[in-house]
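What the coordinates show
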Amino acid sequence: MSETRHTKVLIIGSGPAGYTAGVYASRAMLSPILVQGMEPGGQLTTTTEVENWPGHSEIQGPDLMVNMETHARDMGTEIISDLITSLDMSKRPFTAQSDSGTVYTADAVILATGARAKWLGLESEEKFKGFGVSACATCDGFFYRNEEIVVIGGGNTAVEEALFLTNFASKVTLIHRRDELRAEKILIDRLEKNSKIEPLWFNELVEVVGDENPLGVTGVKTKNTQTGEITEIPCKGVFVAIGHAPANELVKDTLETHMGGYVVTKPDSTETSVPGIFAAGDLTDHKYRQAVTSAGMGCMAALEAERFLAGEE
Ligand code: FAD
Ligand code: NAP
């Protein structure tokens, strides 16, 4: 028989937004329940050094997230390893069904489901996912010692992944569709100084090629965005780093979204169009998408949830 748990505040997601909301909601004596989802700790668990979290010149992403989890737990957040599969916002209390069968009912909900890696959508990319195609250098880089690798993209993630992969690979080709990176200057400087990285400008991946038996990547075909010329590059690994899309599955049909699916919140607020439902972090943020801004929004969401509940009493 499925269990039903009631809480004043249900926090969905365990990235910087969710854990910060947990700290603030706990200190407001709201005894929040936080459901972690499939990726406990969120996106920062897929990276190495984080150099822009205030108070640490450098900290490993997974360590930072363990610290945040411990902090939220110590303050009184109940942290549950589960996945929310649906959320009914049509009546109060709000009802969330979960993968474990537990039903969570809540007077207020903080959505902090973050974002997930985007894929190019090529048939060959899908075919070789897990067999040479990856979106996580820290997870899979180790498998490519002394091999040639390509990275697709031109943002912070692509440049950081390319730099990290030089720890293993003999050569990293950074394939970007323009000749200008949108990564931060400090990362571009490091890229330019790294002799193992070779940029390939004005090129797009058109096909991942490989062997059938055993399944594995042997190279990629790219197309010049200006001339249409096809280039073949031998490689064993393909890392796709073309950005992230908001993880909005729970609310995409019920809450207003914009800019490719980001949940709309009221100006200077985490309030959504449904009173009592708040949204924080990368789920709502198409602009900054940083750990510190997500944490800031988690704080705002918990404070706003507290005021909302106090106003109802
Ligand atoms: P996320 O970190 O995306 O976490 C989302 C959480 O929601 C996860 O715990 C997931 O399990 C959970 N979830 C999703 N769906 C459900 C569900 N249905 N039920 C329950 N839980 C669910 N930012 C920086 O400031 N500095 C950096 O150095 C930096 N490096 C980065 C490196 C990489 C490789 C990447 C990908 C991002 C990096 N970022 C960095 C960006 C930063 O990680 C994000 O801005 C931040 O993690 C967003 O936090 P969030 O709490 O909104 O969500
Ligand atoms: P991003 O900034 O959105 O960059 C995505 C890159 O992929 C862009 O260069 C884009 O090209 C390219 N791209 C997008 N779609 C493509 C397609 N279909 N084919 C080919 N190329 C494509 O994403 P991100 O680098 O993952 O960063 C996401 C957020 O996390 C950002 O806010 C970033 O600052 C943050 N982050 C921060 C750090 C850090 O602080 N150290 C590290 C990682 C991530 P165009 O440039 O041509 O659009």
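Everything in this summary refers to the structure shown in the same document. (Residues numbered from 1 in each chain as written. Chains lettered and ligands numbered in written order. Predicted model: local features only at pLDDT ≥ 70, side-chain atom pairs only at ≥ 80, totals over all residues. Heavy atoms only, no water.)

**Some words on the packing of helix H5 (residues 156-165) against helix H6 (residues 185-193)**
For the pair H5 and H6, the least separation of the axes is 10 Å and the interaxial angle reads 35 degrees. For the crossing formed where H5 meets H6, the hand is left-handed. In contact with Asn156, Val159, Glu160, Ala162 and Leu163 of H5, H6 contributes Leu187, Arg190 and Leu191. Counted by class, the contact of H5 with H6 contains 5 nonpolar, 1 polar and 2 charged residues. (Axes fitted to C-alpha atoms, helices over the stretch in contact; angles between N-to-C directions. Helix = DSSP H or I, 4+ residues; strand = E, 2+ residues; numbered from the N terminus. Left-handed = near helix turned anticlockwise from the far one by under 90°. Contact = heavy atoms within 4.5 Å. Nonpolar A, V, L, I, M, F, W, Y, C, P; charged D, E, K, R; others polar.)

**What about the packing of aromatic side chains?**
Across all of its chains, the model carries 4 aromatic pairs by this definition. Centroid distance tyrosine 144 to phenylalanine 239: 5.7 Å. Interplanar angle 85 degrees. Geometry classified as edge-to-face. Taken together, the residues tyrosine 144 in the loop between helix H4 (137-140) and strand S11 (148-152) and phenylalanine 239 in strand S17 (residues 237-240) connect sequence positions 95 residues apart. For the pair tyrosine 144 and phenylalanine 239, a shared accessibility class is recorded, and that class is buried. With a centroid separation of 6.1 Å and 75 degrees between ring planes, the pair formed by phenylalanine 278 and phenylalanine 308 is classed as edge-to-face. One end of the pair, phenylalanine 278, is in strand S21 (residues 277-279); the other, phenylalanine 308, is in helix H7 (residues 291-312), with 30 residues separating them in the sequence. (Phe/Tyr/Trp six-rings, centres within 6.5 Å; stacked < 30°, edge-to-face > 60°. Buried < 20%, exposed > 50% of the residue type's maximum accessible area, 1.4 Å probe, protein only.)

**Regarding the environment of isoleucine 175**
You can see isoleucine 175 is positioned in strand S12 (residues 171-175). Considered as a pair, isoleucine 175 and asparagine 203 are 28 residues apart in the sequence and their alpha carbons are 6.1 Å apart.

**Thoughts on the sheet that holds strand S13 (residues 197-200)**
Reading across the sheet, the 5 strands line up as S10-S17-S11-S12-S13 and stay open at both edges, with parallel pairing between neighbours. Strand pairing shows two members of the sheet lacking a second neighbour, strand S10 (133-134) and S13, which therefore form its edges. Relative to S17, S11 runs parallel, the two sharing 4 bridges. Each bridged residue has a counterpart across the sheet, and for isoleucine 152 the counterpart in S17 is valine 240. Relative to S11, H5 is tilted by about 170 degrees, and along the sheet it contacts S11, S12, S13 and S17. (Pairing = 2+ DSSP bridges.)

**Quick notes on the layout of surface pockets**
Here the second largest pocket defines a volume of roughly 190 Å³. Lining the second largest pocket are Tyr19, Thr20, Val23, Tyr24, Trp53, His56, Leu64, Asn67, Met68, His71, Ala72 and Ala295. It is helix H2 (residues 61-75) that contributes the most residues to the lining of the second largest pocket, 5 residues altogether. For the lining of the second largest pocket, the per-class residue count stands at 8 nonpolar, 4 polar and no charged. (1 Å grid on protein atoms, 1.4 Å probe; cavity = no way out; pocket = protein on both sides within 12 Å on 5 of 7 lines; lining within 4 Å. Points joined across faces, edges and corners; volume = space filled by probe spheres on them.)

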